[in-house]
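In case you want the letters, here they are:
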Amino acid sequence: MVKQRTLSIIKPDATKRNLADAINTKIKEGGLNIVARKDMQLTQDQAGSFYEVHKERPFYGELVEFMTSGPVVVQVLEGEDAVAKYREVMGDTDPANAAPGTIRAEYAENIGANSVHGSDSEENAKIEIGFFFDETELAG
Ligand code: CMP
């Protein structure tokens, strides 16, 4: 297996409940290393273009609204098979379908306020990491 990177966002529903440390514990227990971190408040423009692929979906407006409703923690995770591994650690997008012990099963409120985002492919991981971090921030 090859070392891979993926992008994680701890969403406003989780930061509001001070769950970032608990979520990062689960990430590390899953064998992923946190190699970069930014604590930020997304603007409407940032959230809107980050989720551009969902622009035509009925929940797009709600999604952008939610992602700008409070602080987020944006992180680059690294490990073997990191994209798939992190999706496993997060659990299903809809917490009602998330496996026990996953981040979303334990912490998510609903399909929108679902505590975390993770890239869905290696190609998108590269794009999403580049959206928030430049090369100098990812050295090593
Ligand atoms: P995320 O992994 O951040 O990528 C897109 C997000 O859209 C997804 O997690 C969900 O939080 C959100 N989403 C997906 N389906 C719905 C829905 N039906 N209603 C509201 N938000 C949704």
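Since the structure is predicted, the reported quantities are computational estimates derived from the model, not experimental observations.

Participant: Give a description of the sheet that holds strand E4 (residues 116–118) that names residues and reports values.
Facilitator: Pairing is antiparallel in the open sheet, where four strands are placed in the order E2-E3-E1-E4. Only two strands of the sheet have a single partner each, and these edge strands are strand E2 (33–40) and E4. On average, adjacent strands in this sheet sit at an angle of 20° to one another, irrespective of strand direction. Where helix H5 (residues 82–90) meets the sheet, its contacts fall on strand E1 (3–10), strand E3 (72–80) and E4, and the angle it forms with E1 comes to roughly 35°.

Participant: For the environment of Val 89, give the residues involved together with the corresponding values.
Facilitator: Its location among the elements puts Val 89 in helix H5. Residues Val 89 and Gly 31 lie 58 residues apart in sequence; the distance between their C-alpha atoms is 9.6 Å. Dropping the residues within four chain positions of it, Val 89 is found in contact with Lys 26, Ile 27, Gly 30, Thr 102 and Ile 103.

Cut-offs used in this document
- Residues numbered from 1 in each chain as written.
- Predicted model: local features only at pLDDT ≥ 70, side-chain atom pairs only at ≥ 80, totals over all residues.
- Heavy atoms only, no water.
- Pairing = 2+ DSSP bridges.
- Helix = DSSP H or I, 4+ residues; strand = E, 2+ residues; numbered from the N terminus.
- Axes fitted to C-alpha atoms, helices over the stretch in contact; angles between N-to-C directions.
- Contact = heavy atoms within 4.5 Å.

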